[in-house]
Amino acid sequence: VRAVGPARHVTARVAPLGSRLVLALVEDRTRERRVEAVRRDFVANVSHELKTPVGAIRLLSEAVHEAADDPEAVKRFANRMLTESDRLSRLVQQVIELSRLQGDDPPDSPAPVPLDHVIEVAIDTSAIDAASKRISIVSSGTRGLQVLGSDEQITAAVANLVANAVAYSEPDSTVLVATKQTDGVVEISVVDQGIGIPNREIDRIFERFYRVDPARHRSTGGTGLGLSIVKHVAATHGGDIRVWSAEGQGSTFTLTLPHHSFNGIAGRTYQEES
Ligand code: ADP
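Residues numbered from 1 in each chain as written. Predicted model: local features only at pLDDT ≥ 70, side-chain atom pairs only at ≥ 80, totals over all residues. Heavy atoms only, no water.

**A word on the overall build of the protein**
Okay, step 1: Looking only at helices and strands, the protein features seven helices and eight strands.
Okay, step 2: Here the protein, with 274 residues, has 40% of them falling under the buried criterion.
Okay, step 3: Considering only intrachain contacts with a sequence separation of at least 6, the fraction spanning at least 24 residues in the protein is 71%.
Okay, step 4: Of the accessible surface of the protein, which amounts to about 16100 Å², a share of 53% is contributed by carbon and sulfur atoms. (Helix = DSSP H or I, 4+ residues; strand = E, 2+ residues; numbered from the N terminus. Buried < 20%, exposed > 50% of the residue type's maximum accessible area, 1.4 Å probe, protein only. Contact = heavy atoms within 4.5 Å. Areas by Shrake-Rupley, 256 points an atom, 1.4 Å probe, with all protein chains shown as cover.)

Okay, structure coming up:
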């Protein structure tokens with residue numbers, strides 16, 4: 001086996017053991033290097049993303065000092081500091097979530113996860129943001145469904161989808177969270193009537209830190225990590241995540257997970273508004 005780069009020293013060491021083993025080691029080593037490169041890239045991205053809110057908070061605190069005699073200005077700067085520190089804590093929380101999902105730790109032992117509760121918590125998490133834009137979040141579909149996995153991770157995934165639906169919707173619109181069971185799988189769809197995603201961007205939105213034209217929605221204070229968390233949760237649970245979107249019309253994100261049946265209890269159809 002003649003190999004280049006990372007393979008070279010592995011080849012020299014183990015060549016006598018046979019080319020198949022060498023190839024396996026070469027592949028392993030290449031994979032290790034790729035993982036290492038991804039990690040380095042991630043750390044660089046995180047550091048870069050942390051700089052923005054940290055820098056803003058620093059500048060704003062200087063501004064507060066300088067505007068000490070102008071209570072209105074102090075209030076304005078303090079509010080912006082609050083927004084930036086919220087963004088900072090969201091970023092830190094999502095980085096922790098993502099590194100846990102990508103880490104080598106064994107996953108939590110899977111347990112039955114009741115989707116009704118997951119959806120209730122996910123909707124609650126966005127309730128304040130939704131109310132401030134007079135957006136109603138409606139849930140419909142099959143009740144009583146269960147999947148097998150981590151309650152915390154599945155809730156985080158659905159909560160991210162609901163939070164995005166609210167963040168990228170105009171005021172006075174509706175967000176729908178619908179559940180359905182087909183062929184051994186459960187589908188959770190989050191449907192919005194929001195700004196939508198341009199066709200050319202749709203393949204990239206699941207990448208870490210990728211945001212569609214950040215200037216378009218700077219006010220949402222997003223991190224670009226939410227959908228990579230959803231993608232990881234889907235993958236680790238043997239499911240997937242799909243998206244349909246049309247600019248100016250809205251988006252539908254559908255998370256599919258293997259269904260976990262219990263005692264043959266059938267779901268029932270419902271519609272509720274929060
Ligand atoms: P962010 O924290 O920026 O929302 P995400 O990873 O959750 O990061 O989403 C990546 C990008 O995909 C967002 O910045 C946004 O441009 C786009 N996006 C996600 N969900 C929606 C949605 N429901 N409607 C329109 N655009 C969306």
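Don't stop here, the text continues.
**Comments concerning the packing of helix α2 (residues 19-66) against helix α3 (residues 71-102)**
Okay, step 1: Here α2 crosses α3 at 165 degrees, and the two axes come no closer than 9 Å. Looking at the two axes, α2 sits roughly antiparallel to α3. Between α2 and α3 lies a crossing whose hand is left-handed.
Okay, step 2: Class assignment for the residues of the contact of α2 with α3 results in 18 nonpolar, three polar and four charged. (Axes fitted to C-alpha atoms, helices over the stretch in contact; angles between N-to-C directions. Parallel < 35°, antiparallel > 145°, perpendicular 65-115°, else oblique. Left-handed = near helix turned anticlockwise from the far one by under 90°. Nonpolar A, V, L, I, M, F, W, Y, C, P; charged D, E, K, R; others polar.)

**A few points about the pairing of strand β6 (residues 240-246)**
Okay, step 1: Both β6 and strand β7 (residues 250-258) contribute to a ladder of seven bridges, which runs antiparallel. Bridge pairing in β7 places Arg242 opposite Thr254.
Okay, step 2: Hairpin connection between β6 and β7: a loop of three residues separates the two successive antiparallel strands, and Gly248 in this loop has a positive phi of roughly 80 degrees. (Pairing = 2+ DSSP bridges.)

**A look at a negative patch on the surface**
Okay, step 1: Among the surface-exposed residues, Glu27, Asp28, Glu32 and Glu36 lie close enough to one another that they form a single negatively charged patch.
Okay, step 2: As for its placement among the helices and strands, Glu32 is situated in helix α2. (Patch = residues over 30% accessible without salt bridge, like charges linked within 9 Å, V, L, I, M, F, W, Y side chains within 5 Å. Salt bridge = Lys/Arg side-chain N within 4 Å of Asp/Glu carboxyl O. Lys, Arg positive; Asp, Glu negative; His and termini not counted. Charge placed at Lys NZ, Arg CZ, Asp CG, Glu CD.)

**Some points on unusual backbone geometry**
Okay, step 1: With phi around 50 degrees, Arg134 is a residue other than glycine that occupies positive phi space.
Okay, step 2: Position of Arg134 relative to the elements: it lies in the loop between α5 (127-132) and β2 (136-142).
Okay, step 3: For Arg134, a relative accessible area of 53% gives the class exposed.
Okay, step 4: In this structure, Asp172 takes a positive phi of about 60 degrees despite not being glycine.
Okay, step 5: Its location among the elements puts Asp172 in the loop between α6 (151-167) and β4 (174-182).
Okay, step 6: Taking the relative accessible area as the measure of exposure, Asp172 reaches 52% and is therefore exposed.

**Digging into the site of the ligand**
Okay, step 1: Near the ligand, the surroundings consist of 19 residues, among which Asn164, Tyr168, Asp192, Arg211 and Thr223 are the closest.
Okay, step 2: One of the backbone nitrogen or oxygen atoms of Leu227 is found 2.8 Å away from an oxygen atom of the ligand.
Okay, step 3: Relative to its unbound accessible area of 530 Å², the ligand is 98% covered by the protein chains.
Okay, step 4: Counting only elements with at least two residues in the shell around the ligand, the list comes to α6, α7 (226-236) and β7. (Near = heavy atom within 4 Å. Polar contact = N/O pair within 3.5 Å; in protein donor to acceptor, adjacent residues only side chain to side chain.)

**Overview of the side chain of Ser189**
Okay, step 1: Positionally, Ser189 belongs in strand β5 (residues 185-191).
Okay, step 2: Taking the relative accessible area as the measure of exposure, Ser189 reaches 13% and is therefore buried.
Okay, step 3: Only 3.0 Å separates the side chain of Ser189 from the side chain of Thr254, close enough to count as a polar contact.
Okay, step 4: Not counting residues within four places of it along the chain, the set of residues in contact with Ser189 comprises Leu176, Val177, Ala178, Thr252, Phe253 and Thr254.

**Looking at the packing of aromatic side chains**
Okay, step 1: Using the criterion set out here, one finds two aromatic pairs in the structure.
Okay, step 2: With centroids separated by 6.1 Å and ring planes inclined at 35 degrees, the aromatic side chains of Phe42 and Phe209 adopt a geometry described as tilted. One end of the pair, Phe42, is in helix α2; the other, Phe209, is in the loop between β5 and α7, with 167 residues separating them in the sequence.
Okay, step 3: Measuring from ring centre to ring centre gives 6.4 Å for Phe206 and Phe253, while their planes differ by 70 degrees; the resulting arrangement is edge-to-face. Separated by 47 residues along the polypeptide, Phe206 in the loop between β5 and α7 and Phe253 in strand β7 bring together distant segments of the chain. Here the two residues Phe206 and Phe253 agree in accessibility, since each one is buried.
Okay, step 4: Between the NZ or CZ atom of Arg76 and the centre of the ring of Phe77, over which it lies, the distance is 5.7 Å. (Phe/Tyr/Trp six-rings, centres within 6.5 Å; stacked < 30°, edge-to-face > 60°. Lys NZ or Arg CZ within 6 Å of the ring centre and 35° of its normal.)

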